[in-house]
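Survey of secondary and tertiary structure
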Amino acid sequence: MAEAKSAGRKPPKPKVRRRDKDVRPQQIVAAAFEEFAEKGFAGARLEDVAARAKVSKGLPYLYFKTKVELFKAVIRSVITSHFEVIRQRMETTELSTEDFLKGPFLTFLQELPSSRRAFIVRLLISEGYKHPELTQFYYENVISRGLETMKRLIDRGIERGEFKPTPLRDYPQLLVAPVLMAILWRSLFERHYHLDTDKLLATNIDLLVEAVKAPPRRSGEGDQR
């Protein structure tokens, strides 16, 4: 009798693990990164993202209502998280400002041109003028926050007596401008002429640091009150 009741019961429905729900958006964003990198923003379709992520065609729309929202998620995953690491180091470093710029900051810059993250910059350059909502999002979440952090780093150097006050504080873009040159060069001209972008970026940092470095104090200077 017990066996008959057992046989008549319906098998329990498989439970959807929360981990699967958490992983799915990550899979979609990772697939979107590849799709945008291969086809650009205009050429990418959410259906193709779904196919690349090996999920149902409509699933991306469950998490991301539009392609713009999906692209923003890619920026958060690939760019913002990476930039937050260096921003935190800039805020908390115990290195001198010069040592930080020539050390961790330079290493961070040198990694960008050859990384997959560079495709975001190339995409925004080529297609951003058609989609101002993308450039606005990138500016507000990456550019503006990075500029403010670099200003604070320069201010700290001035307060410590390492740097003298200069317009670099107002134009911290000068610290990172050669990264754009390096990315564009690798995309357009590297096949015609090799440019050592690591040395290019290091030279830029060296020149800027030398230009803003405070003159050494003379013996006894600053001791008098």
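What you see is a predicted model, and the numbers here were worked out from it, not measured in a lab.

Below, the discussion takes up the overall build of the chain. Counting secondary structure elements, the chain contains 10 helices and 0 strands. For the chain, the α and β elements follow one another from N to C terminus as α-α-α-α-α-α-α-α-α-α. Expressed as a percentage of its 225 residues, the buried residues of the chain come to 40%. Of the accessible surface of the chain, which amounts to about 14400 Å², a share of 54% is contributed by carbon and sulfur atoms.

This paragraph deals with the packing of helix α5 (residues 67-92) against helix α8 (residues 132-159). The contact between α5 and α8 brings their axes to 10 Å, and the two run at 5°. Overall, the two elements α5 and α8 adopt an arrangement that is roughly parallel. Looking at the contact of α5 with α8 residue by residue, the classes come out as 12 nonpolar, 4 polar and 9 charged.

Attention now goes to the pattern of salt bridges. Summed over the entire model, instances satisfying the criterion amount to 17 salt bridges. Put simply, Glu-35 and Lys-39 hold a salt bridge, and the shortest N to O gap is 2.6 Å. With Glu-35 and Lys-39 both in helix α2 (residues 18-43) and 4 residues apart, the pair spans about one turn of that helix. Here Glu-35 and Arg-52 are joined by a salt bridge, their closest N and O atoms 2.7 Å apart. Remark: Arg-52 occurs in helix α3 (residues 46-53) and Glu-35 occurs in helix α2; sequence separation between them is 17 residues. For Glu-35, a relative accessible area of 2% corresponds to the buried category. Residue Arg-52 is classed as partly exposed on the basis of its relative accessible area of 32%.

Positive phi outside glycine occurs at Lys-54, with the angle close to 60°. As for its placement among the helices and strands, Lys-54 is situated in the loop between α3 and α4 (59-63). By relative accessible area, Lys-54 is classed as exposed at 75%.

Take the environment of Arg-117 next. One can find Arg-117 in the loop between α6 (97-111) and α7 (118-127). Separated by 3.1 Å, the side chains of Arg-117 and His-82 make a polar contact.

This part takes up the nonpolar core. Counting 58 residues, the largest nonpolar core has Phe-36, Leu-70, Phe-71, Phe-105, Ile-120 and Leu-175 as its most contacted members. Elements represented by at least two residues in this core include exactly α2, α3, α5, α6, α7, α8, α9 (173-188) and α10 (197-212). Residues in contact with Phe-105, not counting those within four places in the same chain, are Ile-86, Met-90, Phe-100, Met-150, Leu-175, Val-176 and Ile-205.

A few words now on the environment of Leu-123. Assignment of secondary structure puts Leu-123 in helix α7. C-alpha separation for the pair Leu-123 and Phe-36, spaced 87 residues apart in sequence, amounts to 8.4 Å. The residues touching Leu-123, leaving out its near neighbours within four places in the chain, are Phe-36, Gly-40, Phe-41, Phe-71 and Gly-128.

The final tally for this structure, using the stated rule, is 8 aromatic pairs. Three or more aromatic residues joined by ring pairs make a cluster, and in this case those are Phe-36, Phe-41 and Phe-71.

A separate point is a nonpolar patch on the surface. A contiguous nonpolar surface patch, about 440 Å² in accessible area, is contributed by Ile-125, Leu-180, Leu-184, Leu-188 and Phe-189. When residues in the nonpolar patch are grouped by element, the largest group, 3 residues, is from α9. Position of Leu-180 among the secondary structure elements: in helix α9. You can call Leu-180 partly exposed: its relative accessible area is 43%.

Criteria and thresholds
Think of each chain on its own: its residues are numbered from 1, step by step along the sequence as written. The model is predicted, so local features are restricted to residues of pLDDT at least 70 and side-chain atom pairs to those at 80 or more, both for listing and for counting; the totals for chains, interfaces and linings are taken over all residues. As a rule here, side-chain values come from all non-hydrogen atoms in the structure, and water together with hydrogens is ignored. Put simply, DSSP H or I for four residues or longer makes a helix, DSSP E for two residues or longer makes a strand, and each gets a number counted from the N terminus. A simple rule labels every residue: compare its accessible area, found with a 1.4 Å probe on the protein chains alone, to the largest value its type can have, and call it buried under 20%, exposed over 50%, or partly exposed in between. Every accessible area reported is derived by Shrake-Rupley at a probe size of 1.4 Å, with residue values counting cover from the shown protein chains alone. A fitted line through C-alpha atoms represents every axis, and for helices the fit uses only the stretch in contact; the resulting angles, taken between N-to-C directions, go from 0 to 180 degrees. Note that the term roughly parallel is reserved for angles under 35 degrees, roughly antiparallel for angles over 145, roughly perpendicular for angles of 65 to 115, and oblique for everything else. Throughout, the ten residues Ala, Val, Leu, Ile, Met, Phe, Trp, Tyr, Cys and Pro are labelled nonpolar, Asp, Glu, Lys and Arg are labelled charged, and all others, Gly among them, are labelled polar. A side-chain nitrogen of Lys or Arg and a carboxyl oxygen of Asp or Glu constitute a salt bridge if their distance falls within 4 Å. Polar contacts, as used here, are pairs of N or O atoms within 3.5 Å; protein pairs need one atom able to donate a hydrogen and one able to accept it. Residues neighboring in sequence count only if both atoms are side-chain atoms. Residues enter a nonpolar core if they are buried and are Ala, Val, Leu, Ile, Met, Phe, Trp, Tyr or Cys, with the set joined through side-chain atoms within 4.5 Å. Two residues form a contact once any of their heavy atoms are found within 4.5 Å. Two rings from Phe, Tyr or Trp (for Trp, the six-membered ring) form a pair when their centres sit within 6.5 Å of each other. Planes less than 30 degrees apart are called stacked, planes more than 60 degrees apart edge-to-face, and all others tilted. Think of a patch as exposed residues, more than 30% relative accessible area, with no salt bridge, where like charges cluster within 9 Å and nonpolar side chains (Val, Leu, Ile, Met, Phe, Trp, Tyr) cluster within 5 Å.

Coordinates in, geometry out; function isn't part of it.
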